[in-house]
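One-letter residues, chain by chain:
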Amino acid sequence: MTPSASLLLLLLLGLSQALPLQEPGGEEEEEAPDTVDITTRILTSNKGSDEILLEGDLLVPSTRNALMCPNQNCFWKKNSSGLVTVPFTVSSEYTSSEKQLIVKALQGFHSTTCIRFVPRNNEADYISVENKSGCFSFLGKVGGSQVISLQRYGCVYNGIIQHEFNHALGFRHEHTRSDRDNYVRINWANINPQMAYNFNKQVTNNLNTSYDYSSIMHYERTAFSINWLDTITPIPNPNVQIGQSQGLSSLDIIRINKLYSC
């Protein structure tokens, strides 16, 4: 671990209230994302949220684009050293083990991109990680204190943490990108009509990268299903696996590096 990573870990753990509890997000649950998909965890956790969420976990107007940004105002700025520093804070409601999982998930960005999530000093624009009802994020940089919600019971998992932070960097879900109809079929009959807006295509700049079934931003095939049948079916091969819970895919990393000119 680099000195900066060690400092980040110490800063976060120093804020922790070391409660003697065995709760979700502890060491015993690190492997849970291997068997439980991100979509199920996010949508289950968000059922109790009072927020108006688009695509299941986005706190943004539907007109906001994932990969295009007028005047670059919704992207985080690169400093003179070529790094994109994103200040953040973590609520004291999390245990030390939960904070450690958050730090570990963010290290996945540090080791593969020029993004650096750093403890906030007095920066005006920063991410505030909070234990609210559900897993959700704003899309891109919105200014001021912007919340990423990682509910302690259900959201503190590596894949979900990276998913929500990737939203904050400016990325939507893979299955809503502009060319998705060439790669997946949306089965509208299996979707509650009131939830159909979650599958609207977006006018996106796909950064000259191919569609990624294994993206951390891709929902799984029964997302928002009313009958347990597929709402998203890969084409032309319906057996292709979609969605995963491990973390950033190789194309996710390439896109971050392209978007932020790493």
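Further up the page is the structure itself.
Keep in mind that what you see is a predicted model, and the values were worked out from it rather than measured. (Residues numbered from 1 in each chain as written. Predicted model: local features only at pLDDT ≥ 70, side-chain atom pairs only at ≥ 80, totals over all residues. Heavy atoms only, no water.)

Q: Break down the pattern of salt bridges for me, with residues and values.
A: One pass over the structure, following the stated rule, counts nine salt bridges. Of the charged contacts, one joins Glu-174 and Arg-255 as a salt bridge, the two residues approaching to 2.8 Å between their closest N and O atoms. Residue Glu-174 is located in the loop between helix 4 (158-169) and strand 6 (184-186), and its partner Arg-255 is located in helix 5 (residues 250-259); the two are separated by 81 residues in the primary sequence. Summarising the burial analysis for this pair, Glu-174 and Arg-255 share the class buried. Across the salt bridge formed by Asp-179 and Arg-177, the nearest N and O atoms sit 2.6 Å from each other. Exposure class is identical for Asp-179 and Arg-177. Each is buried. Sharing partners across several salt bridges, the network here consists of Glu-174, Arg-177, Asp-179 and Arg-255. (Salt bridge = Lys/Arg side-chain N within 4 Å of Asp/Glu carboxyl O. Helix = DSSP H or I, 4+ residues; strand = E, 2+ residues; numbered from the N terminus. Buried < 20%, exposed > 50% of the residue type's maximum accessible area, 1.4 Å probe, protein only.)

Q: Run through the state of the cysteines, naming residues and quoting values.
A: The final tally for this structure, using the stated rule, is two disulfides. Across a sulfur-sulfur distance of 2.1 Å, Cys-114 and Cys-262 are joined as a disulfide pair. When the S-S torsion is -65 degrees, as for the bridge of Cys-114 with Cys-262, the disulfide is left-handed. Pair noted here: Cys-114 is in the loop between helix 3 (96-110) and strand 2 (115-119) and Cys-262 is in the segment after helix 5, with a separation of 148 residues, a long-range link. Classification of Cys-114 by relative accessible area gives buried; the value is 6%. Note on Cys-262: relative accessible area 43%, which makes it partly exposed. Through a disulfide, Cys-135 is tied to Cys-155; the S-S separation comes to 2.0 Å. With the S-S bond torsion at -80 degrees, the cross-link from Cys-135 to Cys-155 turns out left-handed. (Disulfide = S-S within 2.5 Å.)

Q: Can you lay out the sheet that holds strand 3 (residues 126-130) for me, pointing to particular residues and giving the numbers?
A: One open sheet accounts for five strands, arranged 2-1-3-5-4; its pairing is mixed. For this open sheet the edge positions go to strand 2 and strand 4 (135-137), each flanked by a neighbour on one side alone. Between one strand axis and the next, the sheet turns through 30 degrees on average, direction left out of account. Direction of pairing for strand 1 (residues 84-90) relative to strand 3: parallel, over a ladder of three bridges. (Pairing = 2+ DSSP bridges. Axes fitted to C-alpha atoms, helices over the stretch in contact; angles between N-to-C directions.)

Q: A description of unusual backbone geometry should follow, citing residues and the corresponding values.
A: For the bond from Ile-235 to Pro-236, the omega torsion is 5 degrees, close enough to zero to count as cis. For Pro-236, the location among the structural elements is in the loop between strand 7 (232-234) and helix 5. Here Leu-207, not a glycine, exhibits a phi torsion of approximately 60 degrees, which is positive. Residue position: Leu-207 is located in the loop between strand 6 and strand 7. According to the relative accessible area criterion, Leu-207 is buried, its value standing at 11%. Its identity is not glycine, yet Ser-261 carries a phi of approximately 50 degrees, on the positive side. Along the polypeptide, Ser-261 turns up in the segment after helix 5.

Q: Mind laying out the environment of Phe-75, listing which residues take part and the relevant values?
A: One can find Phe-75 in the loop between helix 2 (38-46) and strand 1. Residue Phe-75 is classed as buried on the basis of its relative accessible area, which comes to 5%. When the C-alpha atoms of Phe-75 and Gly-170 are compared, they prove to be 6.7 Å apart, with 95 residues separating the residues in sequence.

Q: Can you tell me about the packing of aromatic side chains, naming the residues and giving the values?
A: Tallied over the full model, the rule gives nine aromatic pairs. Here Tyr-183 and Tyr-211 contribute two aromatic rings whose centre-to-centre distance is 4.9 Å and whose plane-to-plane angle is 10 degrees, an arrangement assigned as stacked. Within this pair, whereas Tyr-183 is found in the loop between helix 4 and strand 6, its partner Tyr-211 is found in the loop between strand 6 and strand 7, the two being separated by 28 residues in sequence. Look at Tyr-219 and Phe-224: their rings are 6.5 Å apart centre to centre, the planes differ by 40 degrees, and that puts the pair in the tilted class. (Phe/Tyr/Trp six-rings, centres within 6.5 Å; stacked < 30°, edge-to-face > 60°.)

Q: Would you mind going over the pairing of strand 1 in detail, with residue names and values included?
A: The buried count for strand 1 comes to five of seven residues, which makes it a mostly enclosed element. Pairing analysis gives five bridges linking strand 1 to strand 2, with the strands arranged parallel. Across the sheet, Phe-88 pairs through a bridge with Pro-119, a residue of strand 2.

Q: An account of the nonpolar core is needed here, citing residue identities and associated values.
A: The biggest cluster of nonpolar side chains holds 51 residues, and the ones touching the most others in it are Phe-117, Ile-127, Leu-169 and Tyr-260. Those residues in contact with Tyr-260 that lie beyond four places of it in its chain are Phe-75, Trp-76, Lys-78, Val-84, Cys-114, Ile-115 and Leu-169. (Core = buried A, V, L, I, M, F, W, Y, C linked by side-chain atoms within 4.5 Å. Contact = heavy atoms within 4.5 Å.)

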